[in-house]
Amino acid sequence: MTTGGNRVQWHRSGMVVSMAFLAWMYGAALQAQSEQVVEVTIKDYRFVTKQSTLRLGFPTAITVRNDDAVRHDFGSTMFEGIPTQIEKDGVIVYGRGVGGVFLDPKQDATIRFDMTRPGRQVFRCSIHPTMSGELLLLSAEAV
Ligand SMILES: [Cu+2]
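These numbers come from a predicted model, not from an experiment. (Residues numbered from 1 in each chain as written. Predicted model: local features only at pLDDT ≥ 70, side-chain atom pairs only at ≥ 80, totals over all residues.)

K.L.:
Any chance you could explain the overall build of the protein chain here in plain terms?
P.N.:
Looking only at helices and strands, the protein chain has 1 helix and 11 strands in total. Listed by position from the N terminus, the elements making up the protein chain come as α-β-β-β-β-β-β-β-β-β-β-β. Taking as baseline every contact in the protein chain between residues at least 6 positions apart, the subset at least 24 positions apart corresponds to 72%. (Helix = DSSP H or I, 4+ residues; strand = E, 2+ residues; numbered from the N terminus. Contact = placed C-beta atoms within 7 Å.)

Take a look at the structure:
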């Protein structure tokens, strides 16, 4: 993501943030049991992904951990235009147009959103262009 939009939109109007937060709380309360989780570990300049079958339209949490001693980036266009929540260091940021998250050595983060786009979703590290990985999303009919 060298040309993407704002990576994380820290500055939002308070009203948008609180409405979004309420919406998220509502969603979390309803669907805490059905969240699908993807685990991504960054090690030796590679993305190692653990995922089960991912269904569209379900709340999804991508946990990313940087096990390397250098800074990495988990960036993707899969969040484009989708309300996305990023939790890092106990701080939750919410926005649209999120491009991804930077991770310092040994840092982790959780990205939550609703999967809505089928197919292969690529993610990359903008700091190290050779690093990339992908998720495969199946449509509901294919499950
Ligand atoms: Cu990297």
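Structure's up, so let's keep going.
K.L.:
I keep staring at the sheet that holds strand β9 (residues 108–114) and nothing clicks. Help me out?
P.N.:
Neighbouring strands of a sheet are bound in pairs by backbone hydrogen bonds; such pairs are parallel or else antiparallel. An order of β2-β1-β4-β9-β6-β7 is seen for the 6 strands of this open sheet, with the pairing classed as mixed. Looking at which strands have only one partner, the edges of the open sheet turn out to be β2 (46–51) and β7 (91–95). Direction aside, neighbouring strands of the sheet carry axes that sit 20° apart on average. (Pairing = 2+ DSSP bridges. Axes fitted to C-alpha atoms, helices over the stretch in contact; angles between N-to-C directions.)

K.L.:
What exactly am I supposed to notice about the environment of Y45 here?
P.N.:
Mapping Y45 onto the fold places it in the loop between β1 (36–43) and β2. Between the C-alpha atom of Y45 and that of V70, which follows or precedes it by 25 residues, the distance is 9.0 Å. If near-sequence neighbours (up to four positions away) are discounted, Y45 is found in contact with D68, H128 and M131.

K.L.:
What am I meant to see in the sheet that holds strand β5 (residues 72–76) here?
P.N.:
On the basis of which strands lie adjacent, the open sheet formed by 5 strands has the order β3-β11-β10-β5-β8 and mixed pairing. In this open sheet, the two edge strands, each paired with only one partner strand, are β3 (54–55) and β8 (100–103). For strand β10 (residues 119–124) and strand β11 (residues 132–138), the ladder comprises 6 bridges, and the chain directions are antiparallel. Bridging from a neighbouring strand, G119 pairs with L137 of β11.

K.L.:
I would appreciate a short explanation of the nonpolar core in the present structure.
P.N.:
Burial of nonpolar side chains together is a common tendency in soluble globular proteins. Core analysis: the largest hydrophobic core is formed by 14 residues, its most contacted members being V64, F74, I86, V101, L103, A109 and I111. Listing elements by their share of this core, those giving two or more residues are β1, β4 (59–66), β8 and β9. Contacts of L103, omitting those with residues within four sequence positions, involve I42, V64, N66, R71, H72, F74 and A109. (Core = buried A, V, L, I, M, F, W, Y, C linked by C-beta atoms within 7 Å. Buried ≥ 20, exposed ≤ 12 C-beta atoms within 10 Å, placed from the backbone.)

K.L.:
Would you take a moment to explain the confidence of the model for the protein chain for this structure?
P.N.:
Do not read the predicted coordinates in detail wherever pLDDT is low. The predicted model of the protein chain has a mean per-residue pLDDT of 82, with 73% of residues at 70 or higher. Predicted confidence is poor over residues 1–5, with pLDDT under 50, and the contacts of this stretch with residues over four places away or in other chains come to 10 contacts. (pLDDT = per-residue confidence, 0-100.)

K.L.:
Teacher, can you tell me more about unusual backbone geometry here?
P.N.:
Generally, phi is negative for residues other than glycine and the peptide bonds are trans, each holding for most cases. One non-glycine residue with positive phi stands out, namely Y45, at about 60°. Even without a glycine there, the phi angle at K106 is positive, about 65°. Structurally, K106 can be placed in the loop between β8 and β9. Residue classification places K106 among the exposed positions, given that 10 C-beta atoms sit within 10 Å.

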